[in-house]
Amino acid sequence: MRALLPALLAALAASTGAEAAQTLQLQGTLTGADHQRYRELPFEVPAGTARVEVALQHAGDGERTVIDLGLLDAHGFRGWSGGARRSISVSRYDASGGYLPGALPAGRWKVLLGIPNIRATVRTPYRVEVTLWDEADVQAGRDRAPLVLRDTAGWYRGDLHMHSTHSDGSCSSQQGAKVPCPLFLSLQAAVRQGLDFVAVTEHNTVSHLEELARHQPWFDRLLLIPGMEVTTFQGHANVFGVNGPLPFRLGDTLPDWNPLLRQVNDSGALLSINHPALPSGEDCMGCGWTPATPVDMGAVAAVEVVNAGQADGPRAGVGFWERQLQQGRRLTAIGGSDSHNPDADGGTTPVGLPATLVHAQALSREAILAAIRQGRVVVDVANVAGSRLDLSLQADDGRRAAMGQALALQAGQWATLEAELDYPDPARLEFIVDGRRQPAAMARDADGSRRARLRWQADGERHWLRVDVRGDDGRLLMLGNPVYVNWPH
Ligand SMILES: [Zn+2]
Ligand SMILES: [Zn+2]
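Residues numbered from 1 in each chain as written. Chains lettered and ligands numbered in written order. Predicted model: local features only at pLDDT ≥ 70, side-chain atom pairs only at ≥ 80, totals over all residues. Heavy atoms only, no water.

Labelled according to an unreviewed UniProt entry, the protein chain appears under the name CehA/McbA family metallohydrolase, originating from Stenotrophomonas mori.

What follows is the structure, given as structure tokens:
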């Protein structure tokens, strides 16, 4: 019985993800005899390792000691960064500059030190810390430090759907040929569109994870969220916050959507159903949402209600989404350009149209995903700089719910629904209560923003109340998510 206990504890630790990464210390002292020589520091990499991190520390800078860094895996060369970096990592899906991503063979690896300079009488102690992460750590994102580009709460503007050379994105080459389009061009287009974040969502692949990781330090105002458009014969869905490949062979190796949904939610990512109302057929194979077996919609976080220019009409996803709300499923409405061409030539949709505005606690992957789940989110069809739409419901007893939040109201209780809009004229507001639309009269407040209010009496039942912005011609300009009344969560 006692012998079983350590195994049981280890299994428990593994199942709760509490198992710490393994850290190895390799230390020594360099002397004048190491001048212009190399040293190999061997260490063992066990099977199942998915990221190797190497960090070098020494205090010889003041004495002009220089230590170069490189890495050999069990098969040979893995990378070299010279004196450019003191910490590097390689994983199955990405690697620091100068290093090769890919499978990590088990066996004897070596940290390679080169010593271009150490003075004859100097002794420089060094310490190399090697950290090993397994596949579960990598899939759950435990192997990367959260990146916060801005630590202030507020509205952040992004595009949650785009493709590049890593799937079927294309653009014009220098000579005008249609070629697979470099991802960097889409990211630059996002900057020109004034976006704060993008999700790059390639079809059924994660080959872009490495490029995103390498580009992120340069894009220090544009958060790059690795995504994947799970593209099946029974519909498409974007997963935001992927750390590795996901199953997509629905009806083959994947029996239905539900195991994928569990895997996505367990890893801290979230899934959004894409363009649900597009047709499925020879014009757009598998594009519409046509699951052959029941989907646990409670595990779905969002729906792409505006894909590219499809904001109105039968191809927009608004009707599908509102039917989900009517059935008591609380899904956040988002938008995505589905840009396949950052130049937007040949009639393709530009990056940023539509934009999705997200009220988040910070500009970080974790905060943006949490905010999408929470639902204070607005789709801005035309990506109008500075535009803003917000909504709240305040009960007469003083309790208040913001967009995305829920309020419990008993039958007979009164509340005020208040919308606030910053948008160029002409634009008008429309309240939507349980799918029924009614125009809202706007008044300009002293602060210059326009507000509309609706007095509303609860009947003790479940309801959702939201607001849209439309142009003079009736076209949808902005779509707001609901406040919820008497919803269970
Ligand atoms: Zn799609
Ligand atoms: Zn797409």
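### A closer look at the domain arrangement of the protein chain
Here the protein chain is described as being made up of domain 1 (22-139), domain 2 (148-383) and domain 3 (386-489). Here the C-alpha centroids of domain 1 and domain 3 sit 57 Å apart. (Domains from an automatic or database assignment.)

### Things to note about the coordination of the zinc ion (ligand 2)
Coordination of the zinc ion (ligand 2) by the protein is provided by H161 (NE2), H163 (NE2), E229 (OE) and D338 (OD), with metal-donor distances spanning 2.1 to 2.2 Å. One can describe the donor arrangement at the zinc ion (ligand 2) as irregular, given that its four donor atoms subtend angles of 80 to 172° at the metal. Summarised as a motif, the one-chain spacing of the donors to the zinc ion (ligand 2) is H-x1-H-x65-E-x108-D. Separating the zinc ion (ligand 2) from the zinc ion (ligand 1) is a gap of 3.6 Å, which E229 spans by donating to each of them. Of this pair, E229 sits in strand β14 (residues 223-232) while D338 sits in the loop between β18 (332-336) and β19 (355-360), and the two are 109 residues apart along the sequence. We classify E229 as buried; its relative accessible area is 1%. (Donors = N, O, S within 2.8 Å, 3.2 Å for Na, K, Ca; no water. Tetrahedral: all angles 85-135°; square planar, octahedral: opposite > 155°, others 65-115°. Helix = DSSP H or I, 4+ residues; strand = E, 2+ residues; numbered from the N terminus. Buried < 20%, exposed > 50% of the residue type's maximum accessible area, 1.4 Å probe, protein only.)

### Examining the packing of aromatic side chains
Tallied over the full model, the rule gives seven aromatic pairs. Seen in terms of ring centroids, F43 and W109 are 6.3 Å apart; in terms of plane orientation they differ by 45°. Their pairing is tilted. Taken together, the positions of F43 in strand β2 (residues 37-45) and W109 in strand β7 (residues 107-117) put the pair 66 residues apart, joining distant regions of the chain. Here F43 and W109 have matching classes, each one buried. An aromatic cluster of at least three residues, connected via ring pairs, comprises F184, W218 and F219. Cation over ring: R330 sits above Y484, and NZ or CZ is 4.4 Å from the ring centre. The residue whose ring lies beneath R462 is W487, and the NZ or CZ to ring-centre distance is 5.3 Å. (Phe/Tyr/Trp six-rings, centres within 6.5 Å; stacked < 30°, edge-to-face > 60°. Lys NZ or Arg CZ within 6 Å of the ring centre and 35° of its normal.)

### A word on the nonpolar core
Within the largest apolar cluster, 45 residues are counted, with the highest numbers of intra-cluster contacts made by W257, L271, V305 and W321. Going through the elements one at a time, β14, β15 (235-240), α5 (257-266), β16 (270-273), β17 (302-307), α6 (318-326) and β31 (476-480) are the ones with two or more residues in this core. Residues in contact with V305, not counting those within four places in the same chain, are Q310, A316, G317, V318, W321, A333, I334, V379 and L479. Ranked by size, the runner-up nonpolar core spans 32 residues in total, among them V378, A401, M403 and A419. (Core = buried A, V, L, I, M, F, W, Y, C linked by side-chain atoms within 4.5 Å. Contact = heavy atoms within 4.5 Å.)

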